[in-house]
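# Topology and contacts: notes
Residues per chain, in single letters:
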Amino acid sequence: MREFFDLASNPLFVKHVRSRLRRGALLPPLLMILFLSLSILIVHEQIFMQGIQPDSRKAAQFFVILQGIILFLMGGSQVAAAIAHINETGIIDFHRVTPMPSKVQTIGILLGAPIRELILFAITLPFSFYIAASGDLGLGNWCKLLLVQIGAAILYYTLAMVSGMSAHSSRGASGRYVTLLAVMNLIAVRLYAVGIYGPTLITIVPIFEEVFVDEAVAQRGPAAGQNPNAPPVPDHEITFYSAKIPVVLQSLMFQGTFITFFFLAASRRVRSDRLPLYSKPTALLFFTCITLLTLGSVWESARMLQILGLVYFLTLSGIMLARSITPGVGEISKGMQRAWKMTNSRVPPWSDLAASKVMVLLFGGIMLSSAALAILLSPVRPLPLILQIFPPRNEFQPWPPLLVGLLTLLWYGFALQYFMIANYLRAKMLMATLVVVVSVLPLMFGGMFSNANDEFGTIFMAISPITGIMNAGAISIGLVEPFPVQVAAIAPAALLALMFFALLFTAERRLLNKVHAENRKEEVDRER
């Protein structure tokens, strides 16, 4: 355990520290960050000297934005570029043959690559601490922000390592990471605005909104009954299975879970390029943790937001995990050969060399169980104010969206494994084509058809799971009857799931027969 924390003896950490902390690389950004921090502080103090009570939250927001650029954008880009560079140049292969554990190597890259950005972030802390301590922000809110920022930074760095290991160049790795970071935070802002809080807890959005928006409005707004035109106090109470746990602790739970499993994925890929990101039991445990955390965070949400947030997030998580554990035809063939020679039986479904159809079915079962618990046992809450102003046109039905999300997860997992067995070299292209045909084209053609026939266009758009999950719940679909929309959303997904399951079963059986025939031939030749 000591070697995990002995950074001075970690060659990867020392290498990055020496290269990133040279005078020419450190001094210019150091001076720039000091200048920006002093500028924010001086402006804040000048306003105070003029007899105006400054709002410390405004100055603190500037520091949070500056710290986010340093920690998340610059630091994560450096991690992604560093791991992609040593992977591209083959340096990582030399580290793999050393006796140093892969987890220790991962820590060296994780903390060494962004060391300059961590120092720059530390420089801004005294300034933001002074702003918080001397104003109405308070040290409690400052500590909340600091904890969640550090947790989010480590989370993004582990994500950058996973992303960088699959990139073809360091420049491509940085661009991929920045795009992923922007999309995650933009989606989190939109989800938080409509009351879907669970998936947003891995980012700093809930704490940022709580500290800078919710508390500010609550403090500014007069007492109820004094002014009917006063802004309403935000109703952003995030509970965990009805328990009033502080949002900062919920964010740290989410971040800690994702950090743990992203770190395991990064260390496995550092150990070997041929290993999948996760073993199948680890992926199953990861999906279970995601499900339990997300279900707890949406337990007291309005039914429509609860089910839609749960189904969309778990469907996407299941698809990503299915991608991370799906082996190619070479690994499956190798597993079949080993099973034949060692035990003369089939490959266990939890092996890295086994097909992933059983795991995909288990993902679907966990998703179905969690959503069913939410529908049957969780309390029914009213919609948030913003959705009460623009209510859905029809009563929400929770079961059809769950069915569409479940079938989408199943057909994606089965199709991916089938293409990996039937046509490994073109599997990615075929899978991308299938996703475009099923998910994107219905949106495009449905929008075009809506100009001539709104009812037909709405039904056609429901074929895509992107809109089909939502519209299957019979909400916001205008004057169209819910039943045709639900059929259009469920029937194609069910057909695809059954078709690709049958194709996968046949392809796997054909491969198994081929491997067994080759092994029997070898045994006959050996006996001769």
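All of the points below concern the structure found in this document. Quantities reported herein were computed from a predicted structural model and do not represent experimental measurements.

Calculation notes
As a convention, each chain's residues are numbered from 1 in the sequence order in which they are written. Local features are withheld for residues below a pLDDT of 70 in this predicted model, meaning they are given only at 70 or higher, and side-chain atom pairs are given and counted only at 80 or more; totals for whole chains, interfaces and linings count all residues. In computing side-chain properties, one takes all heavy atoms of the structure into account and sets aside hydrogens as well as water. Numbering goes from the N terminus for both helices and strands, where a helix is a DSSP run of H or I of at least four residues and a strand is a run of E of at least two. Burial here depends on accessible area, computed with a 1.4 Å probe over protein chains only, as a share of the maximum for the residue type. Under 20% is buried, over 50% is exposed, and the range in between is partly exposed. In what follows, a contact means two residues having at least one pair of non-hydrogen atoms within 4.5 Å. Each accessible area is a Shrake-Rupley estimate made with a 1.4 Å probe; only the visible protein chains count as cover when residues are assessed. Think of a nonpolar core as a cluster: buried Ala, Val, Leu, Ile, Met, Phe, Trp, Tyr and Cys residues, connected wherever their side-chain atoms sit within 4.5 Å. What makes a salt bridge here is a side-chain nitrogen of Lys or Arg within 4 Å of a carboxyl oxygen of Asp or Glu, nothing more. In this analysis, rings of Phe, Tyr and Trp, with Trp reduced to its six-membered ring, are considered paired at centre separations within 6.5 Å, and the interplanar angle assigns stacked below 30 degrees, edge-to-face beyond 60, and tilted for intermediate values. Each patch is assembled from residues with relative accessible area greater than 30% and no salt bridge, linking like charges that lie within 9 Å and nonpolar side chains (Val, Leu, Ile, Met, Phe, Trp, Tyr) that lie within 5 Å. In this charge count, Lys and Arg are treated as positive and Asp and Glu as negative; neither His nor the chain ends contribute. Lysine's charge is taken at NZ, arginine's at CZ, aspartate's at CG and glutamate's at CD. In this description, a line fitted to the C-alpha atoms serves as the axis of each element, helices being fitted only across the stretch in contact, and the angle between N-to-C directions of two axes falls anywhere from 0 to 180 degrees. Note on angle classes: values under 35 degrees are labelled roughly parallel, values over 145 roughly antiparallel, values of 65 to 115 roughly perpendicular, and the remainder oblique. For a crossing to be left-handed, the near helix must be turned anticlockwise from the far one by less than a right angle; the clockwise case is right-handed. Each residue is assigned to one class: nonpolar for Ala, Val, Leu, Ile, Met, Phe, Trp, Tyr, Cys and Pro, charged for Asp, Glu, Lys and Arg, and polar for all the others, Gly among them. Expected helix span is given by 1.5 Å per residue-to-residue step, counting one fewer step than there are residues.

It is worth spelling out the overall build of the protein chain at this point. Helices and strands together make up the secondary structure of the protein chain, namely 21 helices and zero strands. Relative to its full complement of 528 residues, the protein chain shows a buried share of 50%. For the protein chain, the proportion of contacts with a sequence separation of at least 24, taken over those separated by at least 6, is 78%. Total accessible area on the protein chain is roughly 25,700 Å²; 67% of this is exposed by carbon and sulfur atoms.

Take the nonpolar core next. One finds F258, Y278 and W411 to be the most contacted residues of the largest nonpolar core, which totals 145 residues. Top contributing element to this core by residue count: helix 17 (residues 399–422), with 15 residues.

Below, the discussion takes up the pattern of salt bridges. For side chains bearing opposite charge, pairing can occur when the charged atoms are close. Going through the model one piece at a time under the given rule, you end up with five salt bridges. Among the ionic pairs, R268 bridges to D352, the shortest N-O distance being 3.2 Å. With R268 in helix 11 (residues 247–271) and D352 in the loop between helix 14 (329–342) and helix 15 (357–377), this residue pair connects regions lying 84 residues apart in the sequence. Accessibility expressed as a relative area gives 13% for R268, which makes it buried. Across the salt bridge formed by K357 and E508, the nearest N and O atoms sit 2.5 Å from each other. Linking K357 in helix 15 with E508 in helix 21 (residues 482–527), this pair joins segments that are 151 residues apart in sequence. Per residue, the accessibility class of K357 equals that of E508, and both read buried. One network of salt bridges, with partners in common, ties together R20, R116 and E117.

Applying the stated criterion across every chain yields a total of 19 aromatic pairs. Measuring from ring centre to ring centre gives 4.4 Å for F261 and F286, while their planes differ by 10°; the resulting arrangement is stacked. Taken as a pair, F261 in helix 11 and F286 in helix 12 (residues 280–297) lie far apart in primary sequence, 25 residues in all. Exposure class is identical for F261 and F286. Each is buried.

Its relative accessible area of 16% is what places E508 among the buried residues. Excluding residues that lie within four positions of it along the chain, E508 makes contacts with M336, A355, K357 and I421.

Attention shifts here to a negative patch on the surface. A cluster of acidic residues, E518, E522, E523 and E527, forms a negative patch at the surface. Within the fold, E522 resides in helix 21.

Let us now look at the environment of A243. Here A243 is to be found in the loop between helix 10 (205–220) and helix 11. Taking relative accessible area as the criterion, A243 reaches 32% and is therefore assigned partly exposed. On a C-alpha basis, the gap between A243 and S297 in space is 9.7 Å, while along the polypeptide they are 54 residues apart.

This part covers the packing of helix 2 (residues 11–20) against helix 6 (residues 102–112). Where helix 2 contacts helix 6, the axes come no closer than 7 Å and their chain directions differ by 20°. By the angle between their directions, the pair helix 2 and helix 6 is classed as roughly parallel. For the pair helix 2 and helix 6, the crossing hand works out as right-handed. Residues L12, F13, H16 and R20 of helix 2 touch helix 6, and the partners they reach there are Q105, G108, I109, L111 and G112. Residues that form the contact of helix 2 with helix 6 fall into these classes: four nonpolar, four polar and one charged.

With 21 residues, helix 15 extends 30 Å from end C-alpha to end C-alpha; this agrees with the ideal 30 Å at 1.5 Å per step. Looking at helix 15, one finds that the buried residues are K357, M359, V360, F363, G364, M367, S370, A371, A372, A374 and I375. Tucked into the core, helix 15 has its buried residues touching helix 12, helix 13 (303–325), helix 17 and helix 21.

Peptide bonds are trans in most cases, and residues, glycine excluded, mostly fall at negative phi. The residue Y241 is not glycine, and still its phi comes out positive at about 50°. If you trace the backbone, Y241 turns up in the loop between helix 10 and helix 11. Accessibility expressed as a relative area gives 32% for Y241, which makes it partly exposed.

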